[in-house]
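What the coordinates show
Listed here are the chains, written in short residue letters.
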Amino acid sequence: MSTNLHLATVVLFFLTASQSGIAMARPMVPGARDPCAVSDFKVLCRSVVKGQKNVNAATEVSIRELMKRTIKAKQAAATGRKSGGGLKTCFSNYDNALENLQKALNNIKENDGFSLNINLSASLTQFDTCSDAMGGDKASNTVFAKSTSTLHEMADNCLALSTLVKQ
Ligand SMILES: *[C@@H]1O[C@H](CO)[C@@H](O)[C@H](O)[C@H]1NC(C)=O
């Protein structure tokens with residue numbers, strides 16, 4: 001009897017805790033209506049997400065768009081990478097970033113918000129490593145330098161959106 005009573009108390013505790021958790025979380029979720037509200041580069045985010053309210057779908061479409069653009073940037077880097085320098089660094093970092101973004105897509109499917117965050121963080125670091133490497137020869141590669149900063153912003157947005165995906 002006392003064990004049953006104890007169990008009932010524990011169950012009641014969890015029910016109460018989860019209910020109050022939901023009640024408290026609702027007004028505090030800034031992305032509930034517009035997922036891009038949590039992003040740093042909102043205009044860019046909205047141009048990719050296009051009104052999608054579902055956070056998983058919004059994150060997925062953002063990752064796919066980032067991958068598309070990374071593939072193009074990787075092709076652009078491929079031509080000049082033989083001469084070394086920033087383009088060589090960017091080429092290999094884009095390659096690694098694409099792998100991590102593909103993993104991130106799997107993480108969304110598996111509802112693994114934790115790994116999603118880690119894989120997206122890794123890709124953001126790779127985009128930043130490329131941007132840093134390009135810092136020196138910006139003048140001779142203005143178009144490329146601009147694309148590296150867009151990729152950084154998109155990866156940053158993906159990471160922000162991913163925080164809305166259920167852990
Ligand atoms: C990235 O995602 C994969 C699954 O697609 C997972 O196995 C891996 O652990 C994740 N990386 C990290 C560092 O969590």
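Anyway, here's the lowdown on the structure attached to this text. (Residues numbered from 1 in each chain as written. Predicted model: local features only at pLDDT ≥ 70, side-chain atom pairs only at ≥ 80, totals over all residues. Heavy atoms only, no water.)

1. A word on the side chain of Ser-162
Note the following rule: Put simply, DSSP marks the helices as runs of H or I at least four residues long and the strands as runs of E at least two long, and each gets a number from the N terminus on. Throughout this description, buried means an accessible area under 20% of the type-specific maximum (1.4 Å probe, protein chains only), exposed means over 50%, and partly exposed covers the range between. Contacts between residues were defined by any pair of non-hydrogen atoms, one from each residue, lying within 4.5 Å.
With respect to the element layout, Ser-162 can be found in helix H6 (residues 142-162). Residue class for Ser-162 comes out buried when judged on its relative accessible area of 1%. If we ignore the near neighbours within four places in the chain, the residues touching Ser-162 are Thr-59, Leu-116, Asn-117 and Leu-120.

2. Structural notes on helix H2 (residues 42-49)
Along an α-helix, residues three or four apart share an orientation, since each turn contains 3.6 residues. Here is the rule we go by: Note that the arc is computed from the directions linking the helix axis to the C-beta atoms.
All of the buried residues in H2 are Leu-44, Cys-45, Val-48 and Val-49. Buried residues of H2, seen end-on, are gathered within an arc of 125° and therefore sit on one face of the element. Immediately beyond the C-terminal end of H2, within one or two residues, lies Lys-50, with a positive phi of roughly 50°.

3. Some thoughts on the site of the ligand
Defined as follows: Throughout, the term near means that a residue has one or more heavy atoms lying within 4 Å of the molecule or strand in question. Contacts described as polar in this section are N or O atom pairs within 3.5 Å, which, within protein, must combine one atom able to donate a hydrogen with one able to accept it, while residues neighboring in sequence count only if both atoms come from side chains. Using a 1.4 Å probe, the Shrake-Rupley method yields the accessible areas, and only the shown protein chains count as cover for residues. Gly counts as polar in this scheme, as do all residues outside two lists: the nonpolar Ala, Val, Leu, Ile, Met, Phe, Trp, Tyr, Cys and Pro, and the charged Asp, Glu, Lys and Arg.
Every residue lining the ligand is accounted for by Lys-103, Asn-106, Asn-107, Ser-115, Ile-118 and Asn-119. Contact distances for the ligand include 3.4 Å between an oxygen atom and a backbone N or O atom of Lys-103. The side chain of Asn-119 places a nitrogen or oxygen atom 2.2 Å from an oxygen atom of the ligand. When the free accessible area of the ligand is taken as 350 Å², the share hidden by the protein chains comes to 56%. Those elements that provide at least two residues to the shell around the ligand are helix H4 (85-109) and helix H5 (113-134). Of the residues assigned to the shell around the ligand, the class counts are one nonpolar, four polar and one charged.

4. Section: the packing of aromatic side chains
For the record, the criterion: Pairing of aromatic side chains here covers Phe, Tyr and the six-membered ring of Trp, requires ring centres within 6.5 Å, and sorts the geometry by plane angle: under 30 degrees stacked, over 60 edge-to-face, intermediate tilted.
Tallied over the entire structure, the rule returns two aromatic pairs. Ring centres of Tyr-94 and Phe-127 lie 6.0 Å apart, and the angle between their planes is 50°; on these two criteria the pair is classed as tilted. Of this pair, Tyr-94 sits in helix H4 while Phe-127 sits in helix H5; the two residues are 33 residues apart in sequence, bridging distant segments of the chain. No difference in accessibility class separates Tyr-94 from Phe-127, as the two residues are buried. Ring centres 6.3 Å apart and planes at 50° place the aromatic pair Tyr-94 and Phe-144 in the tilted group. Of the two residues, Tyr-94 is situated in helix H4 and Phe-144 in helix H6; the sequence distance between them amounts to 50 residues.

5. Here's the deal with helix H3 (residues 55-80)
Inclusion rule: Given the number of residues in a helix, its expected span is that number minus one, multiplied by 1.5 Å.
Taking 1.5 Å as the rise per residue, H3 with 26 residues should run 38 Å; its terminal C-alpha atoms sit 38 Å apart, in good agreement. Taken as a whole, H3 has its buried residues at Val-55, Ala-58, Thr-59, Ser-62, Ile-63, Leu-66, Met-67, Thr-70, Ala-73, Ala-77 and Gly-80. The opening residue of H3 is Asn-54, an N-cap whose side-chain oxygen sits 3.0 Å from the backbone nitrogen of Asn-56.

6. A few points about the environment of Ala-133
Here Ala-133 is to be found in helix H5. Each C-alpha atom, one on Ala-133 and one on Gly-85, is 7.3 Å from the other, the two residues being 48 residues apart in sequence. Apart from the residues within four sequence positions on either side, Ala-133 is in contact with Gly-86 and Thr-89.

7. Some remarks on the packing of H4 against H5
Selection criterion: The angle between two axes is taken between their N-to-C directions and runs from 0 to 180 degrees, where each axis is a line fitted to C-alpha atoms and a helix contributes only its stretch in contact. Working rule for angles: under 35 degrees goes down as roughly parallel, over 145 as roughly antiparallel, 65 to 115 as roughly perpendicular, anything else as oblique. Handedness of each helix crossing follows the sense of rotation of the near helix against the far helix: counterclockwise by less than a right angle gives left-handed, clockwise gives right-handed.
Running from N to C, H4 and H5 point in directions that differ by 165°, and their axes come no closer than 8 Å. Here H4 lies roughly antiparallel to H5, going by the angle between them. For the pair H4 and H5, the sense of crossing is left-handed. Within the contact of H4 with H5, the residues separate by chemical class into 14 nonpolar, eleven polar and one charged.

8. Description of the environment of Phe-114
One can find Phe-114 in helix H5. Residue Phe-114 is classed as exposed on the basis of its relative accessible area of 56%. A sequence separation of 49 residues divides Phe-114 from Thr-163, and the C-alpha atoms of the two residues are 9.0 Å apart.

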